[in-house]
Amino acid sequence: MSKRTVELELATPGLDAQGRPARLPLAAAAPEPERLSESGASGEHMLINLGPQHPATHGVLRLVVELDGETVVRVIPHVGYLHSGFEKLGEYRHYNQIIPLTDRTDYLSPMANNVGFALAAERLMGIELTPRCTVLRVIACEMSRIISHMVWLGTTSIDLGAFTPFLWAFQERERIYNLQEMWTGARLTTSVTRVGGMMADVTDDFVAGLRQFVDTYPKTLHEIDRVLTRNAVWVGRTQGVGAMTAQEAINYSLSGPMLRASGVPYDVRKDRPYLDYDSYEFDVPVGEHGDVYDRYLVRLEECHQSNRILRQALERLPGGPVNVADPRLILPPKSRAMSDMEAMIYHFKQVMEGVKAPVGEAYVGIENPKGELGTYLVSDGTAKPVRWRIRPPSFINLAALPKMAEGHLLSDLIAINASVDIVMGEVDR
Amino acid sequence: MNPSVETLRATFGSAIGRAVESCGDTIVYVERAALLEMMSWLRDTPGQQYDYLVDVTAVEYRDRERPLELVYNLRSLERRADLRVKVELEPGGDLTVDSIVPLWRGADWLEREVYDMFGIAFRGHPDLRRILMWETYAEGHPLRKDFPLRGRFSRAEQVRQALTANPEAHYSLEELSIAAAYDELPPDMRERLRRGERGKIPYSE
Amino acid sequence: MKRVLETKEVAGQSPNYLLAKAQDLVDWAVNSSRANSLWPMPFGTACCAIEFMATAASRYDFARFGMERQAFSPRQADVLICAGRLPFKLAPVIRRIYDQMPQPKWVISMGACASTGGIFDNYAMVQGIDTIVPVDVYVPGCPPRPEGLLYGVLLLHKKIKGESLFDRAARREEQPLDERGLRLPPEQIDEISEPFGNSIHQFRSA
């Protein structure tokens, strides 16, 4: 397997706000974060409450922060304000009926969630996908990665005082939204997969549109790169903030860009390949310092790499059917269901009884934009799962927030919280 | 079948129950008494090195005869191997298991979620509280199979209880020592607090 | 069936033409200024908040409709836009934010979950925010497109322009919770929260 640590030319030691090169690798004994304490305050601590309705908490996260002057002594996150009972609801739905629910967990990357669930259900049922479907799913995953990272860039730059990248990022999102709409009919809640295939094949217009997107998208990335990467304010507010060592990152079960920014070269696409990711050429960016700045660099580079994968996928997109040829799994076309007795029976059975899965359980992890999205399905032989468990990457990443924010300033807490890239729909499910 | 199972059986003997394979994953059932020791062994022994905790969850089956299963997904980043460890619990019986937070800090919120959703208590957890539902939630543990989809109370009662919940609960400094919300806690929680099971102040290493 | 028993002359309340015109003029001036510079309080919780952000961003840009300034503090907001699902845990929060907003205030319920609970007919979800705060405009969709939200905002403009400072019936009053702690009678909440559709399969596990 071709590996791995890509030389990030962006990650050269940057400058802090004073213009000094100020970064040490984490392994070299990093200086203790400076604790500012106000002499007049006589050690009296203050509690402030951020959220659940606060523009900088990216949703309905609530943080209770204990402050000594302006220094964060302790952060206690309170989550669950968006708990919607997904997993309970999944026990009352057929496998295909769960797919619309997956859109709404991590609503920043709906298509990747659809793929994650469908892969788990297919492993449970032992279904082999068609080549065209495999490539289309790769396209869906990488498009999701791009739009999710674009939201992250936009909202994080707003949190740190830069408004312009938000508008640029959202322009790119609108272009992907147009493509998603062309494919699935929905901008956000796509429900693009079905167990054993896709909800629809793509049109030639879609392929042409995506090709155009792939060609022009790097320009925006370079613009964002030019505005942020060496910007003194950006660098000053992100470098050395919220650092996690590789050891800690593993101990806290971090995943995705959070883990890789800390220097652990672990990417599910490379290490436990699903779909046909092992045949694509792409690099896994790995950070060195584990701070907010490195997470930014890793995500920016991932956008480039996603673009690279999209380009390869478009080149190799094979013809042939999208869905597996099994009438018990895939709905017949409506015209046949209306005229052909056998097709009608299959249609009826699928809609009323659903697709039955054999007894057993399956876990599939995929590399979502936020981290490893795991889907754990347990079946007792009926058409509805006994247990549908989502391993929520941003929930687990967020649990490390108290550790990361300790000893930093209150304003850094905003940057750290933004760098986790949470989406509350998935944190709370 | 994952070779770790044989080594486990050789080391822990009868504490290791049956091992099965499902969809390419190896599942090994263990006694709950040996759980913490075994997890620690799996993490630290050279050749095993399951250093990454993927997930902690639980499963209750529709078949009421089957026990409640507590599921740990482990992974070795180095060796790229996976192992799923299960502990069987009697749904009506004692639902207390040793916490693995001392081994993996990442288990903190995952165990709280299992406690919230299934009612499985973790001995030695630093801050075992409900995490997704609010602290005074009175309807039970939602992911148990005897919990109805729409909850136990009528919708009006649910709205009333939700609106009377204090959105400012846990504001005071005392809350950090988990004393302030004492009166609002459900009785079983208060009982546990009294027995001092709640442990130390959260995140206060 | 009502039967008119007697008719009575109502003495001396014939409307003064000039006064009525003046009142209209005041209403027009006040309502146009209110409608055309609404400050939204985005109560974004879930998926709809992303579409709300898209509505605020470059392509749809709801600043064109006078919503340039997003008030993230309820104290300086005119219209509460509840974008996304509302679990019970969040119910006291939205109620408090609504109470903190000064009069006159309006509420837009954006999306199926905020309006009815949507696909989440389960233990965790409020079945429509109208059981908690009064709602002026419901925007359907899961999530609504930005055009849908803009249409809802324009409908709200229309509604505001129809209000009157002088007509007590059309004026907006505070709607506090009653002594039970509810906004509506319990029977009505239960009725609103009834599942819709005729499928029993959705409540049957296996």
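That block above? That's the structure.
Since the structure is predicted, the reported quantities are computational estimates derived from the model, not experimental observations.

Undergrad: Give me the packing of helix H4 (residues 155–164) of chain B against helix H3 (residues 91–100) of chain C: which residues, what numbers.
TA: Closest axis-to-axis distance for the H4(B)/H3(C) pair is 7 Å, and the angle between their directions is 65°. Between H4(B) and H3(C) the crossing geometry is right-handed. Contact with H4(B), carried on its side by Val159(B), Ala162(B) and Leu163(B), involves Ala91(C), Pro92(C) and Arg95(C) of H3(C) and no other residues of that element. When grouped by side-chain class, the residues that make up the contact of H4(B) with H3(C) number five nonpolar, no polar and one charged.

Undergrad: Can you tell me about the interface of chain C and chain B, naming the residues and giving the values?
TA: Residue-level contacts link 25 residues of chain C with 19 residues of chain B. For the side of chain C that touches chain B, the secondary structure elements donating two or more residues are H3 and helix H6 (186–192) of chain C. Here the element with the most residues in the side of chain C that touches chain B is H3(C); it accounts for five residues. Partitioning the side of chain C that touches chain B into residue classes produces 13 nonpolar, six polar and six charged.

Undergrad: Give a detailed account of the environment of Glu128(A), specifying residues and quantitative values.
TA: Residue and element names in this part refer to chain A. For Glu-128, the position within the fold is in the loop between helix H3 (110–125) and helix H4 (131–159). Residue class for Glu-128 comes out exposed when judged on the 9 C-beta atoms lying within 10 Å of it. A C-alpha to C-alpha distance of 38 Å links Glu-128 and Gln-247, two positions 119 residues apart in sequence.

Undergrad: Tell me about the interface of chain A and chain B, residues and numbers included.
TA: The partner chain B presents 33 residues to the 42 residues of chain A that form the contact. For the side of chain A that touches chain B, the element with the highest residue contribution is strand E6 (residues 360–367) of chain A, accounting for four residues. For the side of chain A that touches chain B, the class distribution of residues is 19 nonpolar, ten polar and 13 charged.

Undergrad: Give a description of unusual backbone geometry that names residues and reports values.
TA: Among all residues except glycine, the phi angle is most often negative; among peptide bonds, the trans geometry is most common. Following Gln103(C), the chain continues into Pro104(C) via a peptide bond in cis, with omega recorded as -5°. Within the element layout of this structure, Pro104(C) appears in the loop between H3 and strand E3 (106–110). The peptide bond linking Cys142(C) to Pro143(C) adopts the cis configuration, its omega dihedral lying at -10°. The backbone phi angle of Arg429(A) is positive, close to 45°, even though this residue is not glycine. According to the C-beta neighbour criterion, Arg429(A) is buried, with 26 such atoms within 10 Å.

Rules and cut-offs
- Residues numbered from 1 in each chain as written.
- Chains lettered and ligands numbered in written order.
- Predicted model: local features only at pLDDT ≥ 70, side-chain atom pairs only at ≥ 80, totals over all residues.
- Axes fitted to C-alpha atoms, helices over the stretch in contact; angles between N-to-C directions.
- Helix = DSSP H or I, 4+ residues; strand = E, 2+ residues; numbered from the N terminus.
- Left-handed = near helix turned anticlockwise from the far one by under 90°.
- Contact = placed C-beta atoms within 7 Å.
- Nonpolar A, V, L, I, M, F, W, Y, C, P; charged D, E, K, R; others polar.
- Buried ≥ 20, exposed ≤ 12 C-beta atoms within 10 Å, placed from the backbone.

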